[in-house]
Amino acid sequence: MRISVTVDGTKYDDDVEPRTLLVHYLREQLGKTGTVVGCDTSNCGACTVHLDGHSVKSCSVLAVQADGCEVNTIEGLERDGQLHPMQQAFHDNHALQCGFCTPGMIMQSLDLLADNPNPNEHEVREGLEGNLCRCTGYQNIVRAVQDAAGKMSPGAGPEVERVANEVAGRHSARTPVSSGGE
Amino acid sequence: MMTATIEPEVGKARRRKEDARLITGRTRWTDNIVLPGMLHMAILRSPVAHARITSIDTSQARGMSGVEAVVTGADIAEAQGSLPCAWPITDDMKSPPAPSLAVHTVKFAGEAVAAVVARSKAEAQDALEAIEVDYAELPVVLDMAEAVADGARLTHEDLGTNASATWKFDSAEAGTGGDVEQAIADGEVVVHRTFRQQRLIPAFMEPRSVVVDPTGEQLTMWSATQIPHILRLMLAMTLGVAEHKIRVIAPDVGGGFGGKLQVTPEEVIAFLVARKLGKPVKYTETRSESLQAAHHGRDQIQKLTMAARRDGTITGLKVELLADMGAYLRLVTPGVPILGAFMFNAIYKIPAYHFACTNVFTNKTPTDAYRGAGRPEATFAIERMMDELAVELGMEPLEVREKNWIKHEEFPYTTVSTLTYDSGNYEAATAKAKDLFGYDALRAEQAERRAKNDPVQLGIGISTFTEMCGLAPSRVLGSLSYGAGGWEHAAVRMLPTGKVEVVTGSSPHGQGHETAWSQIVADQLGVPFEDVEILHGDTQSSHKGMDTYGSRSLTVGAMAVLKAGHKVIDKARTIAAHMMECAPDDVEFEAGKFTVRGTDSSVGIQDVALAVFAAHDLPDGVEPSLDSEATFDPENFSFPHGTHLCATEVDTETGQVRIRSYVCVDDIGAVINPLIVEGQVHGGLAQGIAQALFEEAVHDESGTLTTGTLVDYLVPSAADLPSFTTGLTETRATSNELGVKGVGEAGTIASTPAVVNAVVDAVRHLGVADIEMPCTPMRVWQAIHGGAR
Ligand code: FES
Ligand code: FES
């Protein structure tokens, strides 16, 4: 089947098999290996990307469902060699060890802040419930998300505000997307 | 060229170098690798736990689209040899042949039976479904205690027994202590308990993956492994392939926790088929395959008897273990419970000690190392016992511990199980932990809640643990019949521009070696942190190594780096002296600069590097190179310790457990990077708490794993865990120049008993003396209300 998608700002017209999952399309057809697969039951969240501004587990979405959509992955967050404030916060707070869960965690954390720009610890923990990390014990991830929230809030400086607005902008156009077996 | 001005790197909370690629998605996981002409492999696994394979029909699969090969055990029976076990713990240990692909029988559900290699993953998967296997099912052995009873059904008919080996230590025989039976007979108090260490699954987040490229002079294997060096050696020895014809690369590896300390069937099969076809082959497991077929951990039945005097002094400890090996002995399977033998006596002065462990075969996935390997099991049992003894004596549990532990002025101290602890200060760690925890206030609140019969009861759990780290002195390993040494290798090379390449034989998979090693070398050579590059995980750049496990990287691996660095400085000193026209003995080295003693004549080491490269004017007999290699073999283990305190709230009406606060004070010796240390502790705590409250690999009566997905195997999420309060005390290790002890496993080892002690403590007054792990709401409720336990 023919699909047309924009991934990290680049448009692709492609033929895909109907059974191809979005994550496999990203990894194998587009070489977007920053997004990874950690399970086969939609439990780990390692594959989380944004589909039209809303986070989805890309292992539970078919590539054909992304037809006409905009997909954003971890690889599209940097701007002009500048880390996104969320990436920077993960680095600053040592929120990763092996880094396998990190792309999914970062994408999910952005979604979380779009819904709730100033979450407390409990809200961060609940918001990340669908993303597993085996290395960090989550404490520094929680710290990173709260740190990023502070830096992305209005008045935090022009660069972070720009990125924050972008994230918020994407999310205001949110359309519900089925996320399969969740 | 200027050398850096120097604020020491060691001790600084440096943000990690390795993050740059990990937070941007520019990672190099094995599964990312794509090579020209690469084929994909899929593996057919046994759905049954014990059976004879009566027939395999692959004819239809062979004819399907894109299929290049279908391989069964019979096809590679000769070539595959037997998967290696490097730890024959006794001379008469029974170890059945361990095929990568099952040949005549399958011994556990999930065992590999056939492999398909095809153009695409989907085609390989489709063809797998067309293979027909007939199994004649055999009775399954699942229960360890039954397995060693008379007349038990057998996992391996031809061995005639399910017992692989029995390993014993007795302090009276060893001359390190008294006779434990006498101590028990004379005990004013004797406590008997049996604990179950449930079976766990390491569940690293990156599934195992392997790519084999046979097209070069050296066959290259990329693998998501902790042990590239050991893997190369074992492939050579197992398959009879010349070692120098194999190159193994561990690229970015997404966690291991012991679970990737293995030579796997999948690596061997991929190696053999790629070599046969002459084309690159990739295999990546699914999560379900990983949970079912990658090795499991723990799984022991622990019977303990402790004798003591009325005043709380322990007089003897007897430990009898059954340890589940699963169906086969993998790389270090039999040795895991033996590591525990040295840790049951923990931080205590125990005058008489007996340890016996029988390793048992069952029709389950093989077990092997999982974070802590043998030490968490021992620590759990002894720390639970200390609480039980306290209850028996009506003493405060911290007081019983203090009564028996080694006092800080008594170090170095040789324990009843023969280890010499070089340093420690249990008093200091405990005092600090109590303080951070608010121990007395929590005890008061506990008493209050008990008095008013609050439906939510408060419990306080203690774990004053130690562990042996830094595997390991080669001589000790030899005395334990381990098949190799425990040294580590490193090289330090100064490039012409003064930049530094460091090669380390330890192989990180999340630990942050690139950052920590850079800090150490930056201080040592007096060069900027950014000028140091750490190379690892490729047998071509790092030809020697013993890899990463057992909290050994810093205590052994970084020590090798330091040693190589000293040699570089010595070489550079000779050349610097020549450059400054003085004797080498007159040259001092500090902060990257060689200075003629008592003058201000100096030259930086980075300038020496350029002079060496030019080689225009070197002293006679000096080679134009500023490179050195070193191998470090520790003389002793290191012994991190700490005091962990956990407060749980237990809802007596629902059995729900909530961790209200968790405080740990660890003493890991000198700290290279406090940020990394804290991260290691957090992650370790999460895994130890997961054992206490959530995780268990469960098999049904046919031997099928019923927790074979992440839906059923409960790896905790952020919502399941609390925030931790961590602290440190610092008693330097005296056994290595850095004064470090290792931190990778501490949290996991210490936390499990702290949590379970807290849960039991919360409901002890309701008549509960123990709750089996994981302490699920159901189990806790049943314990309180006398349900079917
Ligand atoms: S890969 Fe695990 S949720 Fe998508
Ligand atoms: S950092 Fe390793 S799984 Fe999260």
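Residues numbered from 1 in each chain as written. Chains lettered and ligands numbered in written order. Predicted model: local features only at pLDDT ≥ 70, side-chain atom pairs only at ≥ 80, totals over all residues. Heavy atoms only, no water.

1. Notes on the sheet that holds strand S18 (residues 456-466) of chain B
Residues and elements named next belong to chain B.
Alright, step 1. Reading across the sheet, the four strands line up as S18-S26-S27-S28 and stay open at both edges, with mixed pairing between neighbours. The open sheet has two free edges, formed respectively by S18 and strand S28 (725-728), since each of these has just one partner strand. Strand-to-strand, the axes of this sheet are offset by a mean angle of 10 degrees, without reference to chain direction.
Alright, step 2. As paired elements, S18 and strand S26 (residues 641-651) share eleven bridges and run antiparallel to each other. Bridged to Thr464 within S26 is Thr643.
Alright, step 3. On top of the sheet, helix H15 (residues 439-451) reaches S18, S26 and strand S27 (657-667); it is set at about 145 degrees to S18, its chief contact. (Pairing = 2+ DSSP bridges. Helix = DSSP H or I, 4+ residues; strand = E, 2+ residues; numbered from the N terminus. Axes fitted to C-alpha atoms, helices over the stretch in contact; angles between N-to-C directions. Contact = heavy atoms within 4.5 Å.)

2. Quick word on the domain arrangement of chain A
Often the size quoted for an interface is simply the accessible area lost on bringing the parts together.
Residue and element names in this part refer to chain A.
Alright, step 1. When cut into domains, chain A gives domain 1 (2-76) and domain 2 (85-172).
Alright, step 2. At the interface, 19 residues of domain 1 touch 14 residues of domain 2.
Alright, step 3. Regarding the contact of domain 1 and domain 2, the summed buried area is about 1,300 Å², with carbon and sulfur atoms giving 56% of it.
Alright, step 4. Between the two partners, domain 1 and domain 2, sit zero salt bridges.
Alright, step 5. Our count for the domain 1 to domain 2 interface comes out at eight residue pairs in polar contact (both at pLDDT 80 or more).
Alright, step 6. Of the residues that constitute the side of domain 1 that touches domain 2, the class distribution is six nonpolar, eleven polar and two charged. (Domains from an automatic or database assignment. Buried area = accessible area lost by both parts, 1.4 Å probe. Salt bridge = Lys/Arg side-chain N within 4 Å of Asp/Glu carboxyl O. Polar contact = N/O pair within 3.5 Å; in protein donor to acceptor, adjacent residues only side chain to side chain. Nonpolar A, V, L, I, M, F, W, Y, C, P; charged D, E, K, R; others polar.)

3. Looking at the packing of aromatic side chains
Aromatic ring pairs are reported here in terms of the distance separating the ring centres and the angle at which the planes meet.
All names here are of chain B.
Alright, step 1. All chains considered together, the criterion is met by 15 aromatic pairs over all chains.
Alright, step 2. Between Phe169 and Tyr353, the ring centres sit 6.0 Å apart and the planes meet at 40 degrees, which makes this aromatic pair tilted. Remark: Tyr353 occurs in strand S15 (residues 353-361) and Phe169 occurs in strand S7 (residues 163-170); sequence separation between them is 184 residues.
Alright, step 3. On the basis of relative accessibility, which here comes to 12%, the residue Phe169 falls in the buried class.
Alright, step 4. Relative to Tyr439, the ring of Phe437 lies with its centre 6.3 Å away and its plane at 45 degrees, an arrangement referred to as tilted.
Alright, step 5. Residue Tyr439 is classed as buried on the basis of its relative accessible area of 3%.
Alright, step 6. Directly above the ring of Phe529 sits Lys17, whose terminal nitrogen or CZ lies 4.7 Å from the centroid.
Alright, step 7. Of note, Lys544 hangs over the ring of Trp487, and the distance from its end group to the ring centre comes to 5.1 Å. (Phe/Tyr/Trp six-rings, centres within 6.5 Å; stacked < 30°, edge-to-face > 60°. Buried < 20%, exposed > 50% of the residue type's maximum accessible area, 1.4 Å probe, protein only. Lys NZ or Arg CZ within 6 Å of the ring centre and 35° of its normal.)

4. Side note on the interface of chain B and chain A
Alright, step 1. Taken residue by residue, the interface counts 53 residues in chain B and 46 residues in chain A.
Alright, step 2. Between chain B and chain A, roughly 4,100 Å² of surface is buried when both sides are summed, and carbon and sulfur atoms account for 54% of that area.
Alright, step 3. Its largest share of buried area at the contact with chain A, chain B owes to Ile23, Met205 and Ala718 of chain B, together 18% of the area lost on that side.
Alright, step 4. Counting across the interface, chain B meets chain A through five salt bridges.
Alright, step 5. If you look at where chain B meets chain A, you find 23 residue pairs in polar contact (both at pLDDT 80 or more).
Alright, step 6. For the side of chain B that touches chain A, the element with the most residues is helix H20 (residues 674-693) of chain B, which contributes nine residues.

5. Comments concerning the packing of H20 of chain B against helix H21 (residues 746-763) of chain B
Residue and element names in this part refer to chain B.
Alright, step 1. Following both chains from N to C, one finds H20 and H21 inclined at 45 degrees, their axes separated by 7 Å at the closest point. Viewed along their axes, H20 and H21 adopt a mutual orientation that is oblique. As H20 runs across H21, the sense of the crossing is right-handed. Of H21, the residues touching H20 (which contributes Val681, Gly684, Leu685, Gln687, Gly688, Ile689, Gln691, Ala692 and Leu693) are Gly747, Thr748, Ser751, Thr752, Val755, Val756 and Val759. (Parallel < 35°, antiparallel > 145°, perpendicular 65-115°, else oblique. Left-handed = near helix turned anticlockwise from the far one by under 90°.)

6. A closer look at the domain arrangement of chain B
Residues and elements named next belong to chain B.
Alright, step 1. As far as domains go, chain B holds domain 1 (33-138 + 205-255 + 260-293), domain 2 (297-471 + 636-784) and domain 3 (487-632).
Alright, step 2. Each of domain 2 and domain 3 was reduced to a C-alpha centroid, and the two centroids are 40 Å apart.
Alright, step 3. Taken together, the contacts link 19 residues of domain 2 with 18 residues of domain 3.
Alright, step 4. Counting each side, the surface lost to burial between domain 2 and domain 3 is near 1,400 Å², with a carbon and sulfur contribution of 64%.
Alright, step 5. Among the residues domain 2 hides against domain 3, the three largest losses belong to Leu471, Ile672 and Leu738. Together they make up 37% of the total.
Alright, step 6. Across the contact surface, domain 2 and domain 3 share zero salt bridges.
Alright, step 7. Along the contact surface separating domain 2 from domain 3 lie six residue pairs in polar contact (both at pLDDT 80 or more).
Alright, step 8. The class makeup of the residues in the side of domain 2 that touches domain 3 is seven nonpolar, seven polar and five charged.

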